[in-house]
Amino acid sequence: LRYHCMNSGLDGWRQGSMKRKVLIVDDSNVTRKLVSRAFEKGGFIVDTAANGTEGLAKLKQAIYDIAFMDIDMPVMNGFEATKRLREWEDAVRPGTRQPICALTAAYVDDFERSELMKFKEAGLDVMESKPCNIPRLFKVVDDVSPMFSDLSISVIQQERGGL
């Protein structure tokens, strides 16, 4: 399974020795496996979580290039998990922001403005519809790369006492 975006060599983030890392938070085992396999074949380190509570715990323990967060899940939904992460980031990790892409069964292009504002207010950065379009998910990772570089630099500086 190869995607055009994996072959370009010009995207700047598959070069070098550091592997990229993604988190997939979804209650559907099928979605977690599908997305995980695609990113593993793309050379990523992949973590998964089955609900928002598990995902939130993993997001507090590590920084990912991006987290793909299902919206409608049992235990804790994606909106609540993201809101809690943003509150925690403000208190514990100020100046850093974990990029999060919402995965929703609704067709994103049909959303009303009020629905879009709900995603923004929760702190979600990007939205994609399910079933997942794998090449588009790789594109989302490419699009948040500059955001992640700033995030990783600020975390490294904090760890070294530079901020």
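To be clear, the structure that these remarks concern was listed above.
Criteria and thresholds
Residues numbered from 1 in each chain as written. Predicted model: local features only at pLDDT ≥ 70, side-chain atom pairs only at ≥ 80, totals over all residues. Heavy atoms only, no water. Core = buried A, V, L, I, M, F, W, Y, C linked by side-chain atoms within 4.5 Å. Buried < 20%, exposed > 50% of the residue type's maximum accessible area, 1.4 Å probe, protein only. Helix = DSSP H or I, 4+ residues; strand = E, 2+ residues; numbered from the N terminus. Contact = heavy atoms within 4.5 Å. Expected span 1.5 Å × (residues − 1). Polar contact = N/O pair within 3.5 Å; in protein donor to acceptor, adjacent residues only side chain to side chain. Arc of directions from axis to C-beta. Axes fitted to C-alpha atoms, helices over the stretch in contact; angles between N-to-C directions. Parallel < 35°, antiparallel > 145°, perpendicular 65-115°, else oblique. Left-handed = near helix turned anticlockwise from the far one by under 90°. Nonpolar A, V, L, I, M, F, W, Y, C, P; charged D, E, K, R; others polar. Salt bridge = Lys/Arg side-chain N within 4 Å of Asp/Glu carboxyl O.

Draft legend 1. Main features of the nonpolar core. Grouped together as the largest cluster of nonpolar side chains are 21 residues, with contacts concentrated most on Leu59, Met69 and Leu124. Counting residues per element, the ones that place at least two in this core are strand E1 (21–25), helix H3 (52–61), strand E3 (66–70), helix H4 (78–92), strand E4 (100–104) and helix H5 (113–122). Looking at which element gives the most residues to this core, the answer is H4, with 4 residues. Filtering out sequence-adjacent residues up to four positions away, Leu124 remains in contact with Ile71, Phe79, Thr82, Ile100, Ala102 and Phe119. Formed by 18 residues, the second largest nonpolar core is a distinct cluster that contains Val35, Phe68, Cys101 and Val140.

Draft legend 2. Representation of H4 within the structure. Its 15 residues give H4 an end-to-end C-alpha distance of 20 Å, which sits within 8% of 21 Å, the value for a rise of 1.5 Å per residue. Residues of H4 that are buried: Gly78, Phe79, Ala81, Thr82, Leu85, Arg86, Trp88 and Glu89. For H4, the capping residue at the N-terminal end is Asn77, with a side-chain oxygen 3.0 Å from the backbone nitrogen of Phe79.

Draft legend 3. Structural detail: H3. What H3 keeps buried is the set Gly52, Gly55, Leu56 and Leu59. Angular distribution of buried residues about the axis of H3 spans 100 degrees; they occupy a single face of the element. Taken together, the buried residues of H3 touch E1, strand E2 (45–49), E3 and H4. Where H3 begins, the capping side chain belongs to Asn51, and its oxygen is found 2.9 Å from the backbone nitrogen of Thr53.

Draft legend 4. Structural detail: the packing of H3 against H4. Remark: H3 packs on H4, axes separated minimally by 9 Å, with the N-to-C direction vectors making an angle of 25 degrees. Classified by the angle between their axes, H3 and H4 sit roughly parallel to one another. Between H3 and H4 the crossing geometry is right-handed. Between H3 and H4, the contacting residues are Gly52, Leu56, Leu59 and Lys60 on the first element and Ala81, Arg84, Leu85 and Trp88 on the second. For the contact of H3 with H4, the residue count by class is 5 nonpolar, 1 polar and 2 charged.

Draft legend 5. Main features of the pattern of salt bridges. Within this structure, the stated rule accounts for 8 salt bridges. Put simply, Arg86 and Asp125 hold a salt bridge, and the shortest N to O gap is 3.1 Å. In this pair, Arg86 sits in helix H4 while Asp125 sits in the loop between H5 and strand E5 (126–129), placing the two residues 39 residues apart along the sequence. Judged by relative accessible area, Asp125 falls into the partly exposed class, the value being 26%. Among the salt bridges present, the one from Arg136 reaches Glu128, with a minimum N-O distance of 3.0 Å.

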